[in-house]
Amino acid sequence: MNTIKTTTYDNFKCIASDCPITCCKGWSIRADKEIFQKWKAAEDTKYICDHVSYKREDQEEIYCMKLDYSKQCLLLDEKGLCNIVKNHGDEYLCKTCAEFPRKKNTINDNIEYSLSGGCPAVIELINKDVDMVNISDFEGDSDDSYPMEYRVRNHVIELMQNKEYSLCEKIWISFSFLNECTLCEYEDDVYDCIDTYKDKETLIDLAAEYRKTKCNRLEAFEEVCQTFYDVTEFYKEEDLYRPYLFELAEYVSEIFPEDEVILDELEIKLFEWNKYTMEFKNYDSLFEKILVSEIFADCVSEDIFCLIESFQAIVLEYIMVRLALFLKKSRYDVQITDADIRDYTSLFIRAIGHNTEGMSEYWEESFDDSILERDYFYMILQ
Ligand code: SF4
């Protein structure tokens, strides 16, 4: 077996009570049957079972940790520490809690270990990791021990780590590559496509296409704001997300009111947005590392269409973080901090990346196709 890890993997440590968006809150935490039986079997751990709900769904037994009114696990103490760990040790944690944010994917003879950016401590680690290539023992698309779809993913990682182009240019090139792969009839065509997208001239042409293509900036801004509004519609009401998202979603409605749009004000916002997106390029190298980590961990499907959906979701996380921080800056006249980047990135990775199926349905409903058209993708990337 070949072991491949992101370079941050071994350095991860949960920051527990210092965590700004604990993973013990805001989602349904699944417990496994084995640990439930273990808790039930011993007198001193039996009480944990009272904090677990149980149901049967499609022949499946589902155990979930019960949550309080604020959707927080009942076993978290007032300092944000887990009572199971405190009283009985890590070995009594359910799989979900013991593993998060660690991820493990087994692909033929390769075991891949990575960390989810849904954890803010992981984003901090990635931020500190100076190395651009943050996957050890990774041979990219040349590694034929991977099935074809994974060689496609590996090539996307190579494209995203190309130092010649800006982040958005690389996203554009990668999306174009994935699109072309979906048109291939045979496996060999996909390998030809990989070769084409290794060719320097092809990459130069696509980067130039990205720079030269023009789109209506106001329409693009409005579309990104609308997507933000839709994506946050349910999350903004939840306790965990509310302090970060609720007022920003309201602010979006103020920028684009349903009744009367005041064009002069909109022009000013657009001017601010254009300036801001240029400044945001300062975070290109950080987001390159975050995106590469997410692609490595989550673009794991033996279906090119699922792969491209996951890629779109990961890119949307970046687009939403960029917009959220613009809204915050514009509304409160504050500077963006590293903590803002960390927290909003983790939140959107949870809301979008951990919900790729929901995003695919959203695109399907909005555009009759879960794979975005190139023009549209280009527009929201602006
Ligand atoms: S999100 Fe990460 S740092 Fe926060 S409590 Fe969970 S594992 Fe720990």
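The shown structure was predicted, so the numbers you read here are calculated from the model rather than taken from an experiment.

*Asks:* What exactly am I supposed to notice about the sheet that holds strand S4 (residues 60-65) here?
*Replies:* Working definition: the strands of a sheet are paired by backbone hydrogen bonds and lie parallel or antiparallel to each other. Across the sheet, which stays open at both edges, the three strands sit in the order S2-S4-S3 with antiparallel pairing between neighbours. Where the open sheet ends on each side, the last strands, each with one partner, are strand S2 (30-31) and strand S3 (52-57). Here S3 runs beside S4; their pairing, made up of six bridges, is antiparallel. Across the sheet, Ser53 pairs through a bridge with Cys64, a residue of S4.

*Asks:* Where do I start with the state of the cysteines in this structure?
*Replies:* Note: disulfide means a covalent bond formed between the sulfur atoms of two cysteine side chains. Taken as a whole and judged by the stated rule, the model has zero disulfides. Free cysteine: Cys168, not disulfide-bonded; nearest cysteine sulfur from Cys215 at 12 Å. Judged by relative accessible area, which is 8%, Cys168 ranks as buried.

*Asks:* For this particular structure, what's the right way to read the site of the ligand?
*Replies:* The environment of the ligand is made up of Phe12, Cys14, Ile15, Cys19, Ile21, Thr22, Cys23, Phe100, Cys119, Pro120, Ala121 and Arg350. The pocket occupied by the ligand, as judged from atoms lying within 2 Å of grid points, is the largest pocket. Residues belonging to the shell around the ligand are distributed by class as follows: 10 nonpolar, one polar and one charged.

*Asks:* Can you help me understand the packing of helix H9 (residues 217-231) against helix H11 (residues 263-279) in this one?
*Replies:* If you want to describe how two helices pack, look at the angle between their axes and the distance between the axes. At a minimum axis distance of 10 Å, the contact between H9 and H11 shows a crossing angle of 85°. Judged on the interaxial angle alone, H11 and H9 are roughly perpendicular. Seen from H9, the contacting residues are Arg217, Leu218 and Phe221; seen from H11, they are Leu266, Lys269, Leu270, Trp273, Asn274 and Thr277. Grouping the amino acids of the contact of H9 with H11 by side-chain chemistry returns five nonpolar, two polar and two charged.

*Asks:* In this structure, what is going on with the domain arrangement of the chain? I would like to understand it.
*Replies:* How big an interface is tends to be expressed through the accessible area that disappears when the partners come together. By the assigned domains, the chain splits into domain 1 (1-14 + 117-382) and domain 2 (24-99). On a C-alpha basis, the centres of domain 1 and domain 2 stand 33 Å from each other. Taken together, the contacts link five residues of domain 1 with five residues of domain 2. Regarding the contact of domain 1 and domain 2, the summed buried area is about 470 Å², with carbon and sulfur atoms giving 58% of it.

*Asks:* I tried to follow the layout of surface pockets on my own but got confused; where do I start?
*Replies:* Over the atoms a probe the size of a water molecule is rolled, and this reveals where empty space is left. Empty space within the largest pocket amounts to approximately 670 Å³. At the level of secondary structure, the elements contributing two or more residues to the lining of the largest pocket comprise helix H2 (83-88), helix H3 (95-99) and helix H4 (120-128). Partitioned by chemical class, the residues of the lining of the largest pocket number 28 nonpolar, three polar and four charged. Of the domains in this structure, domain 1 (1-14 + 117-382) and domain 2 (24-99) are the two that each give at least three residues to the lining of the largest pocket.

*Asks:* I tried to follow the environment of Glu34 on my own but got confused; where do I start?
*Replies:* Residue placement: Glu34 occurs in helix H1 (residues 33-41). Between the C-alpha atoms of Glu34 and Pro120, which are 86 residues apart in sequence, the distance is 29 Å.

*Asks:* Help me understand unusual backbone geometry, please; the structure alone is not making it clear to me.
*Replies:* It is generally the case that most residues other than glycine have a negative phi and that most peptide bonds are trans. Here the amide bond leading from Phe100 into Pro101 is cis, since omega sits at 5°, within 30 degrees of zero. Note on placement: Pro101 falls in the loop between H3 and strand S5 (102-107). A positive phi is found at Asn108, a non-glycine position, where the angle reads about 50°. Following the sequence through the fold, Asn108 ends up in the loop between S5 and strand S6 (110-115). By relative accessible area, which is 48% here, Asn108 ends up partly exposed.

Reading the values: the criteria
Counting restarts for each chain: residues are numbered from 1 in the order of the written sequence. Given that this is a predicted model, residues contribute local features only at a pLDDT of at least 70 and side-chain atom pairs are listed and counted only at 80 or more, while totals for whole chains, interfaces and linings are drawn from all residues. Where side-chain values are given, they derive from all heavy atoms of the structure, hydrogens and water being excluded. Any two strands between which DSSP finds at least two bridges are classified as paired. Helix and strand assignments follow DSSP, with helices taken as H or I runs no shorter than four residues and strands as E runs no shorter than two, numbered in order from the N terminus. Whenever a pair of cysteine sulfur atoms sits within 2.5 Å, that pair is classed as a disulfide. Summary of the burial criterion: residues with accessible area below 20% of their type's maximum are buried, those above 50% are exposed, and those between are partly exposed, where the area comes from a 1.4 Å probe applied to protein chains only. We define proximity as follows: a residue is near a molecule or strand when any one of its heavy atoms falls within 4 Å of that partner. With a 1 Å grid spanning the protein atoms alone, the term cavity applies to any set of points in which a 1.4 Å probe fits but cannot get out, the term pocket to an open set with protein on both sides within 12 Å along at least five of seven lines, and the term lining residue to any residue with an atom within 4 Å of a point. Assignment to a cavity or pocket requires that more than half of a molecule's atoms be within 2 Å of the site's grid points. Residues are sorted three ways: Asp, Glu, Lys and Arg are charged, Ala, Val, Leu, Ile, Met, Phe, Trp, Tyr, Cys and Pro are nonpolar, and all the rest, Gly among them, are polar. Interaxial angles span 0 to 180 degrees and are taken between N-to-C directions of axes, which are lines fitted to C-alpha atoms, for helices over the stretch in contact. By the definition adopted for this analysis, an angle is roughly parallel if under 35 degrees, roughly antiparallel if over 145, roughly perpendicular if from 65 to 115, and oblique otherwise. Whether two residues are in contact is decided by their heavy atoms: any pair within 4.5 Å suffices. The domain boundaries here were taken from an automatic or database domain assignment. We define buried area as the total accessible area lost by two parts upon association, computed with a 1.4 Å probe and summed across both. Grid points are joined across faces, edges and corners, and a volume is the space filled by probe spheres set on the points.

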